[in-house]
Protein chains: 2
Amino acid sequence: MSAGKPESQKKKKYLTPQRRAILNALESVVTHPSADVIYEMVRKELPIISMGTVYRNLEQMATEGMILRLDGGGQKRYDGNSTPHLHFRCLCCNAMIDLPMNPHDDIQKIVQTLTDFEIKSYEVIFTGLCPECKLTKKKEQTA
Amino acid sequence: MSAGKPESQKKKKYLTPQRRAILNALESVVTHPSADVIYEMVRKELPIISMGTVYRNLEQMATEGMILRLDGGGQKRYDGNSTPHLHFRCLCCNAMIDLPMNPHDDIQKIVQTLTDFEIKSYEVIFTGLCPECKLTKKKEQTA
DNA sequence: ATGAGAATAGTAATCATTCCTAAATTGTAA
DNA sequence: TTACAATTTAGGAATGATTACTATTCTCAT
Ligand SMILES: [Mn+2]
Ligand SMILES: [Mn+2]
Ligand SMILES: [Zn+2]
Ligand SMILES: [Zn+2]
């Protein structure tokens, strides 16, 4: 009769140096690094870690909700800050930057009350030119 | 002195049957097909079209703003409706569905007035379970 | 009709991500 | 401690989506 927790939550997790290092790396930066950048960061501490391990742990942590996995245009990007916030992606320098403002009202609740979808999360990504690239382009034009 | 239009707008575009067929296919559906699905749709009409042509035209049309290119989890998805609207992606059946409501206020203008970013577009994607998959999962639990 | 520029089909190449497996590590319970 | 089963790892192979390349064909302003 009682359903019990879903399979995914039952499996026990081992805490490995690799996992710890990956989370550390991610939490130490305000950028939104892709898997290969994280790999290079962690390699400073654990020189023989493998990409598979990086991907596997990032995937796990994202599923558990400790971190966010974002669409970075090409590669996926990861975010150590799992609280809901807005993102901006620069089409020029490809940076992914946090926007200094809160998600508008509680858009998730609004959508939830109006529809039958079961919303687990949401993602808002603005795209365009970051302030620096905007300036750069302007200078190019007048040149 | 006058800057003129940016390079990207100067190049003249030829209207080919392939391009027409791709746009047709995209505008004939309310789903958000990936490139390979569009390829199969267009192949009914133009049996020898190649994937490269599909990708190239989708990319061009997205850059011109005629269509939208969305992150579909794995593959990219394309949307014949280029007016801003909200999307929902089902984690179970992987469908990408338009939400029947308008983008909240004019969030783009709000962000634009508060920051120095030059915003070209934005994308809001909710993820979770669509009504059908929600039901399916519920039935599985009681079984 | 012509010709310069643009687009195409077909194929090869790239690149991110996932899959595989034998060996090593982790947590636990004697 | 030691012993053991479950979990994780490194490394490399495999996959899958997308892009790059190129000889040929097409488009359209003249
Ligand atoms: Mn962030
Ligand atoms: Mn849509
Ligand atoms: Zn930039
Ligand atoms: Zn579904």
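Look up a bit, the structure's there.
As for the protein's contact with DNA strand D
- Close to DNA strand D lie 18 residues; Thr16, Thr53 and Arg56 of chain A together with Tyr55 and Lys76 of chain B are nearest.
- Each atom of DNA strand D within 4 Å of the protein belongs either to a base or to sugar and phosphate, the latter forming 79%.
- Lysine 76 of chain B is positioned with one of its backbone polar atoms (N or O) 2.9 Å from a phosphate oxygen of DNA strand D.
- Here the surface near DNA strand D takes three residues from helix H4 (residues 51-64) of chain A, the largest share from any one element.
- Classifying every residue of the surface near DNA strand D by side-chain character gives seven nonpolar, six polar and five charged.

Section: the coordination of the zinc ion (ligand 4)
All names here are of chain B.
- Distances from the zinc ion (ligand 4) to its protein donors, namely Cys90 (SG), Cys93 (SG), Cys130 (SG) and Cys133 (SG), fall within the range 2.3 to 2.4 Å.
- Around the zinc ion (ligand 4) sit four donor atoms; with metal-centred angles ranging over 103 to 117 degrees, the donor geometry is tetrahedral.
- Here the donor residues of the zinc ion (ligand 4) are spaced in sequence according to C-x2-C-x36-C-x2-C. Separated by 37 residues along the polypeptide, cysteine 93 in the loop between strand S3 (87-90) and strand S4 (96-98) and cysteine 130 in the loop between strand S5 (118-129) and helix H6 (131-142) bring together distant segments of the chain.

Here's the deal with the pattern of salt bridges
- What the rule picks out here adds up to 10 salt bridges over all chains.
- The partner of lysine 13 of chain A in a salt bridge is glutamate 64 of chain A, with the nearest N and O atoms 2.9 Å apart. Of this pair, lysine 13 of chain A sits in the loop between helix H1 (7-10) and helix H2 (17-27) while glutamate 64 of chain A sits in helix H4, and the two are 51 residues apart along the sequence.
- On the basis of relative accessible area, glutamate 64 of chain A is assigned to the partly exposed category, the value being 38%.
- In this structure, the salt-bridge partner of arginine 19 of chain B is glutamate 64 of chain B, at a minimum N-O distance of 3.7 Å. Placement of arginine 19 of chain B in helix H2 (residues 17-27) and of glutamate 64 of chain B in helix H4 (residues 51-64) is noted, with a sequence separation of 45 residues between them.
- Arginine 19 of chain B gets classed as buried once you look at its relative accessible area, which sits at 9%.
- Here the salt bridges share partners, and the residues they tie into one network are Lys13, Arg19 and Glu64 of chain A.

Remarks on the interface of chain A and chain B
- Contacts between the two partners involve 37 residues from chain A, matched on the other side by 37 residues from chain B.
- Taken over both partners, the interface formed by chain A and chain B buries close to 3200 Å², and the fraction arising from carbon and sulfur atoms is 68%.
- Considering only the side of chain A, the residues that lose the most area to chain B are His104, Phe117 and Phe126 of chain A, jointly responsible for 21% of the buried surface there.
- Linking chain A with chain B are zero salt bridges, by the criterion used here.

How each quantity is defined
Residues numbered from 1 in each chain as written. Chains lettered and ligands numbered in written order. Predicted model: local features only at pLDDT ≥ 70, side-chain atom pairs only at ≥ 80, totals over all residues. Heavy atoms only, no water. Near = heavy atom within 4 Å. Polar contact = N/O pair within 3.5 Å; in protein donor to acceptor, adjacent residues only side chain to side chain. Helix = DSSP H or I, 4+ residues; strand = E, 2+ residues; numbered from the N terminus. Nonpolar A, V, L, I, M, F, W, Y, C, P; charged D, E, K, R; others polar. Donors = N, O, S within 2.8 Å, 3.2 Å for Na, K, Ca; no water. Tetrahedral: all angles 85-135°; square planar, octahedral: opposite > 155°, others 65-115°. Salt bridge = Lys/Arg side-chain N within 4 Å of Asp/Glu carboxyl O. Buried < 20%, exposed > 50% of the residue type's maximum accessible area, 1.4 Å probe, protein only. Contact = heavy atoms within 4.5 Å. Buried area = accessible area lost by both parts, 1.4 Å probe.

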